[in-house]
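# Residue-level structural notes
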Number of protein chains: 2
Amino acid sequence: MRVTLKDIAREVGLSVTAVSRALNGHKDVSEATRARVLEAARRLNYYPNSIARGLVTQRSGTVGLFSVSFTQSYSIMSDPFAAELVDAILERFGETGYDVLWFSRSRIEKADSYVALAVQRQIDAAIFLGLRTDDHRFAELRTIGIPLVTVDVPIDVENAVCVGCDQVMGAYAAVSHLIEMGHRRIAYISGHWHAPVSHERREGYMKAMAEAGCPVRDEWIVEGDFSRASGKRSMERLLALDPRPTAVFCASDLMALGAMDAVRAHGLRVPDDVSIIGFDDIREAAEAQPPLTTVHQPRHLLGKAVADTVIEALREGGSWKGKGRILLEPKLVRRATVAPVRDGGASAAG
Amino acid sequence: MRVTLKDIAREVGLSVTAVSRALNGHKDVSEATRARVLEAARRLNYYPNSIARGLVTQRSGTVGLFSVSFTQSYSIMSDPFAAELVDAILERFGETGYDVLWFSRSRIEKADSYVALAVQRQIDAAIFLGLRTDDHRFAELRTIGIPLVTVDVPIDVENAVCVGCDQVMGAYAAVSHLIEMGHRRIAYISGHWHAPVSHERREGYMKAMAEAGCPVRDEWIVEGDFSRASGKRSMERLLALDPRPTAVFCASDLMALGAMDAVRAHGLRVPDDVSIIGFDDIREAAEAQPPLTTVHQPRHLLGKAVADTVIEALREGGSWKGKGRILLEPKLVRRATVAPVRDGGASAAG
DNA sequence: TTTGCCAACTTAAACGTTTAAGTAACGTCA
DNA sequence: TGACGTTACTTAAACGTTTAAGTTGGCAAA
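Residues numbered from 1 in each chain as written. Chains lettered and ligands numbered in written order. Predicted model: local features only at pLDDT ≥ 70, side-chain atom pairs only at ≥ 80, totals over all residues. Heavy atoms only, no water.

## As for the pairing of strand β1 (residues 62-67) of chain B
Successive side chains on a regular strand alternate, one facing one side of the sheet and the next facing the other. Residues and elements named next belong to chain B. Most of β1 sits out of view: six of its six residues are buried. Taking every second residue as pointing to the same face, both faces of β1 are buried, with T62, G64 and F66 on one and V63, L65 and S67 on the other. In this sheet, strand β2 (residues 99-103) lies alongside β1 in parallel orientation, the contact comprising five bridges. Counterpart to G64 in the pairing with β2 is L101. Taken together, the five bridges between β1 and strand β3 (residues 125-129) define a ladder with parallel strand orientation. (Buried < 20%, exposed > 50% of the residue type's maximum accessible area, 1.4 Å probe, protein only. Helix = DSSP H or I, 4+ residues; strand = E, 2+ residues; numbered from the N terminus. Pairing = 2+ DSSP bridges.)

Right, dumping it as structure tokens:
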């Protein structure tokens with residue numbers, strides 16, 4: 001039923017090898033023969049079987065996309081930043097002919113092994129989204145033996161690259177902006193501490209505060225989990241403080257949106273009473289009321305960088321060594337959730 | 001380097017066949033032997049090569065997920081409804097051991113053939129998201145020869161099933177609700193007409209209007225493309241009408257959100273001046289200001305139904321015949337964007 | 001004792017490719 | 001003339017599985 005090289009070979013009266021070589025553009029076939037083969041292939045509706053090819057070449061032509069657990073929430077696509085990033089990665093791969101096998105959280109948990117999935121499916125490279133440093137399968141990655149690209153999680157293996165934005169710089173820019181607006185009591189709603197970005201953004205926050213001579217109080221740093229609900233919860237804790245912070249830097253737009261919910265629920269206003277700044281610049285940030293000031297991460301470039309890194313690794317074959325880290329530049333986007341501080345940040349507030 | 005059956009066979013002093021049968025649970029191996037094989041497999045870190053297996057069994061153990069073009073917008077994940085649906089599908093598949101090969105829009109466009117991708121990758125079944133009736137590859141689907149599951153696009157082939165909500169019912173419920181609130185001049189902002197759901201929702205709209213004896217004017221039916229921007233554009237056209245509609249039923253939450261933007265931009269208020277109702281109940285609907293009244297589509301059940309249908313087809317093998325259509329029930333979710341009409345819908349308004 | 005059967009294996013072929021190695025025909029050059 | 005190349009092929013093996021068809025030895029039934 002299925003059309004194979006053998007069918008074409010029979011059709012044009014050649015060996016299977018000759019047909020294979022004609023189709024693959026080798027130069028030891030005459031042009032006349034190649035034309036006949038091509039014609040027959042198209043007439044019979046032949047498409048090469050990548051499974052058979054993979055068996056002999058030892059490369060499947062697929063890359064595995066592991067979406068581990070960006071947030072606490074149900075799964076990865078509920079995080080708009082992840083969704084848009086995935087989008088960009090897939091679009092780029094689509095242009096190349098590599099296909100992407102998607103390993104969802106439940107699949108990963110069922111197999112309980114990255115290596116098992118990688119070996120079984122013979123993927124040529126792996127991309128990790130939402131990898132957590134407390135993942136008990138982390139050590140396994142050392143033995144996986146194929147190019148590895150993680151997003152925002154540096155990992156010290158030779159065949160790995162971490163692609164991401166400069167988180168320290170992004171956070172620094174955000175907090176500096178708040179400081180320029182006169183804020184001094186600035187809080188940081190972080191993502192969970194098992195995400196390296198949470199620490200890096202904290203570092204940028206601390207740096208900006210230190211340079212401005214603003215003391216940082218422990219209770220201004222609250223751990224969320226990147227989700228909107230956690231942003232709201234965290235903001236509630238901050239609003240209970242006396243004096244309360246006049247501005248909050250959130251480690252995700254979702255948390256910033258949640259924080260705005262909390263501010264509103266308290267009968268206060270953004271940015272009049274509290275300035276809020278987010279991170280990511282997801283679609284909803286611009287659409288929020290008021291539009292959210294945030295740190296833009298160039299998702300499309302990130303996705304392209306991820307895909308291009310993988311593609312380069314695949315082309316180079318075994319000789320490829322990871323480049324450590326690829327850092328893109330984030331950019332502050334000023335919208336409407338940051339205002340100059342009203343009381344100079346010196347007096348108490350209730 | 002790679003551990004194969006041969007390695008295990010050598011290790012335990014058996015033939016490759018015996019090892020294969022032991023691992024696959026055939027009953028013609030002694031329990032003692034099976035135990036030795038299992039032990040060796042685990043000790044050597046053996047994982048079956050699904051490529052080799054696929055070559056002989058003629059089934060790859062993968063299903064193709066084709067995300068064609070839900071909306072006009074860049075790609076599928078920018079549509080929250082699609083993203084959440086995909087999520088549910090992937091999570092369900094993860095529990096089964098089937099793996100999902102994701103064909104993005106660019107991949108589909110590059111190959112320009114569903115059959116080519118299906119045959120090359122030997123996928124066992126295909127899922128179509130965002131298929132449009134004006135897709136020039138539509139006819140191809142007839143010859144694809146594997147189980148086919150589409151979301152919201154009925155397709156008349158024996159090996160296909162369409163999974164989706166009852167769109168007519170959902171639209172009918174939405175418009176009836178508006179009518180109950182006293183509205184009579186009700187507009188419909190549709191998705192593009194190449195999506196069958198646009199027509200089905202229109203049917204529900206017409207049915208509710210007809211039953212209530214409300215005349216429908218041509219200019220009340222506007223074509224968008226499901227995106228927020230198109231919702232805004234469409235609403236602007238409706239606001240220019242005299243008398244303008246007092247309520248609008250939108251074929252997606254995104255368009256409803258866009259419509260709300262337009263209303264606000266006109267200095268009018270939702271729901272005081274215009275009632276708005278959406279479709280889908282994406283996460284942002286509940287979070288909007290004011291929270292959006294909409295028709296909830298049970299994404300999780302939809303995703304599960306899609307996956308379960310595929311899994312069933314795969315288990316049944318060649319004997320499987322599509323069941324035509326699986327219809328789930330949508331449900332109206334009353335939030336805060338619908339209010340009783342102020343002028344009874346009879347007088348003119350500016 | 002022979003026959004037959006069963007359990008527990010092994011052998012060999014097959015899946016659809018790619019590729020290393022071989023070959024036949026033909027031309028070229030010394 | 002013969003050695004050597006080149007061109008355009010073919011042959012055969014391999015990739016790692018599964019599976020149909022044998023094979024062996026032991027045991028029960030006749």
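## Observations concerning the environment of Y114(A)
Residues and elements named next belong to chain A. Along the chain, the position of Y114 falls in helix α7 (residues 114-121). It is 8.9 Å that separates the C-alpha atoms of Y114 and F138, two residues lying 24 residues apart in sequence. Not counting the four nearest positions on each side in its chain, Y114 is found in contact with F66, V68, I108, F128, L131, D135, R137, E140, L141 and I144. (Contact = heavy atoms within 4.5 Å.)

## Focus: the interface of chain B and chain A
If you look at the interface, chain B gives 52 residues, while chain A gives 52 residues. A buried area of about 5000 Å², summed over both sides, lies between chain B and chain A, and 52% of it is on carbon and sulfur atoms. One salt bridge connects E287(A) with R228(B), and the closest N-O pair in it is separated by 2.7 Å. On the surface where chain B and chain A come into contact, there are 27 residue pairs in polar contact (both at pLDDT 80 or more). Contributing elements (two or more residues each) for the side of chain B that touches chain A: α4 (50-57), α5 (80-94), β2, α6 (105-111), α7 (114-121), α11 (253-265) and α12 (283-287) of chain B. At six residues, α5(B) tops the list of elements feeding residues into the side of chain B that touches chain A. (Buried area = accessible area lost by both parts, 1.4 Å probe. Salt bridge = Lys/Arg side-chain N within 4 Å of Asp/Glu carboxyl O. Polar contact = N/O pair within 3.5 Å; in protein donor to acceptor, adjacent residues only side chain to side chain.)

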